[in-house]
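Fold and contact review
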Amino acid sequence: MKFFNLILHILLVLVFTALSYTAFAADPPSNKSKALERQIWKQDMIFIKGGCYQMGDSFGEGVSDENPLHEVCVDDFYLGKYELTQGEWKEIMGSNMASFHECGDDCPADNVSWNNVQKFIRKLNEKTGINYRLPTEAEWEYAAREGGKKLRFGTGKNIIGADESNFNASKKYKKPYSRPGIYRTKTISAKSFFPNSLGLYNMSGNVWEWVQDWYDKDYYQKSPRDNPKGPDSGDYRVLRGGSWGNLSNNLRAANRHRDRPDSHRRMLYGFRLARDK
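Residues numbered from 1 in each chain as written. Predicted model: local features only at pLDDT ≥ 70, side-chain atom pairs only at ≥ 80, totals over all residues. Heavy atoms only, no water.

**Quick word on the pairing of strand β7 (residues 237–240)**
Along any regular strand the residues' side chains alternate between the sheet's two faces. Going residue by residue along β7, you find R237 and L239 tucked away on one face and V238 and R240 tucked away on the opposite face as well. By the bridge criterion, 3 bridges tie β7 to strand β8 (residues 257–259) in an arrangement that is antiparallel. Looking at the pairing, L239 lines up with H257 of β8. (Buried < 20%, exposed > 50% of the residue type's maximum accessible area, 1.4 Å probe, protein only. Helix = DSSP H or I, 4+ residues; strand = E, 2+ residues; numbered from the N terminus. Pairing = 2+ DSSP bridges.)

**So, the confidence of the model for the protein**
The predicted coordinates of low-pLDDT regions are not to be read in fine detail. Residues at a pLDDT of 70 or more form 84% of the protein, whose mean pLDDT is 88. The model gives residues 6–30 a pLDDT under 50, and that stretch makes 1 contact with residues more than four places away or in other chains. (pLDDT = per-residue confidence, 0-100. Contact = heavy atoms within 4.5 Å.)

**Digging into the side chain of E139**
Residue placement: E139 occurs in helix α5 (residues 137–144). What E139 contacts, discounting residues up to four positions off in sequence, is V74, F77 and R133.

**Things to note about the state of the cysteines**
The full count for this structure, using the stated rule, is 2 disulfides. Each sulfur of the disulfide joining C103 and C107 lies 1.9 Å from the other. With the S-S dihedral at roughly -55 degrees, the linkage between C103 and C107 falls on the left-handed side. Classification of C103 by relative accessible area gives partly exposed; the value is 29%. Shown here for the protein is a disulfide pattern of 1-2, 3-4, where each number marks a bonded cysteine counted in sequence order. (Disulfide = S-S within 2.5 Å.)

**With respect to the sheet that holds strand β10 (residues 274–276)**
Strand order in this open sheet of 4 strands is β1-β4-β10-β5, and the pairing throughout is antiparallel. Every other strand in the sheet has two partners, leaving β1 (45–48) and β5 (132–133) as the edge strands with one partner each. Relative to strand β4 (residues 77–80), β1 runs antiparallel, the two being bridged by 4 bridges. The partner of F47 across the bridge, within β4, is Y78. Relative to β4, α5 is tilted by about 75 degrees, and along the sheet it contacts β1, β4 and β5. (Axes fitted to C-alpha atoms, helices over the stretch in contact; angles between N-to-C directions.)

**Regarding the pairing of β4**
Of the strand pairs in this sheet, β4 and β10 are connected by 3 bridges, and their pairing is antiparallel. Paired with Y78 across the two strands is R275, which belongs to β10.

**Structural notes on the environment of S165**
Mapping S165 onto the fold places it in the loop between α5 and β6 (208–214). For S165, the contacting residues outside a window of four places in its chain are I160, R184, F193, S204, G205 and L251.

**Focus: empty space enclosed by the protein**
Scanning all chains against the criterion turns up 3 cavities of 30 Å³ or more. Estimated volume of the largest cavity: approximately 60 Å³. Lining the largest cavity we find G56, D57, S58, F59, E61, E141, R145, L151, R152, R252, A253 and A254. By volume, the second largest cavity amounts to about 50 Å³. For the second largest cavity, the full set of lining residues is G154, T155, E164, F193, F194, P195, N196, L200, Y201, N202, M203 and S204. (1 Å grid on protein atoms, 1.4 Å probe; cavity = no way out; pocket = protein on both sides within 12 Å on 5 of 7 lines; lining within 4 Å. Points joined across faces, edges and corners; volume = space filled by probe spheres on them.)

**A word on the nonpolar core**
Residues I48, F77, L79, A143, L200 and M203 are the most contacted members of the largest nonpolar core, which totals 22 residues. The element best represented in this core is α5, accounting for 5 residues. Setting aside residues no more than four positions away along its own chain, A143 makes contact with I48, F77, L79, N196, L198, L200 and M203. Judged by nonpolar contacts, the second largest core, of 20 residues, contains W89, A109, V112 and L273. (Core = buried A, V, L, I, M, F, W, Y, C linked by side-chain atoms within 4.5 Å.)

**Re helix α3 (residues 86–93)**
Buried within α3 are the following residues: Q86, G87, E88, W89 and I92. Positive backbone phi, approximately 85 degrees, marks G94, located one or two places after α3.

**Re the packing of α3 against helix α4 (residues 114–128)**
Where α3 contacts α4, the axes come no closer than 10 Å and their chain directions differ by 65 degrees. As judged from the angle between their axes, α3 and α4 are roughly perpendicular. Our pair here, α3 against α4, has a crossing hand that is left-handed. For the pair α3 and α4, contact is made by E88, W89, I92 and M93 and by N116, V117, K119, F120, K123, L124 and K127, respectively. A class-by-class count of the residues in the contact of α3 with α4 yields 6 nonpolar, 1 polar and 4 charged. (Parallel < 35°, antiparallel > 145°, perpendicular 65-115°, else oblique. Left-handed = near helix turned anticlockwise from the far one by under 90°. Nonpolar A, V, L, I, M, F, W, Y, C, P; charged D, E, K, R; others polar.)

**Here we look at the packing of aromatic side chains**
As enumerated under the stated definition, the model contains 9 aromatic pairs in all. Arranged with centres 5.0 Å apart and planes meeting at 5 degrees, the rings of W89 and F120 form a pair that is stacked. Residue W89 is located in helix α3, and its partner F120 is located in helix α4; the two are separated by 31 residues in the primary sequence. Take W89: its relative accessible area is 1%, and that puts it in the buried class. One aromatic cluster is present, built from ring pairs that chain together W89, F120 and F271. Directly above the ring of W114 sits R237, whose terminal nitrogen or CZ lies 3.7 Å from the centroid. (Phe/Tyr/Trp six-rings, centres within 6.5 Å; stacked < 30°, edge-to-face > 60°. Lys NZ or Arg CZ within 6 Å of the ring centre and 35° of its normal.)

Next up, the structure:
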């Protein structure tokens, strides 16, 4: 009996040792996998409850392509809490195209064309299995205006200053709706300042944000009411929100900017991600 117990004890020790070795010998998650898990698909995405609003220049101070005011309705969607950062761009693309790379991983990925952004989104979606995209122009303005309220800026306010947005706030360029202050001449962290009431940071200033739509200066005259997606084709894509290099009038939520989607990379241009509910 003692001999049998001894054999049983030895067998149990051998089994336990083998199991322990297997557990410790299993390949641990790579640093890259951990980093990927922390990245974009775990990034804060803010749920935006859909609704209807009057899209366009509600203050009577914009240019013709911001008019006429017209009712637009958008479905529920998600929008990035922050502008996409350099760290997130590098994790997916393997390199950093930013002009202000010394700003650091938390600063927006700048110097990207619309086509560059589409390549990034394709690679991101392949890795995650989630259909990220750019917001439409109507979605972007709706979110910047905190669900379509009559607001001048993406900060949730009608007057803007350098203490709450990154733009050219030089005294000589003061507007009736701006306060003079510092001109930083570069990007800063995408997490700077306070968010608007929806929880979105830097919807006015820091970098222009590419949206999905083609640009048409007369589009508002013929835009559909429900979930407009812009013209079917064009020469330019739309950007919104203004940047560190712009004056306060460019930071207005209704302001529309455009540029070619192909080779036009500028240190003023970035983006934020969206996805469907």
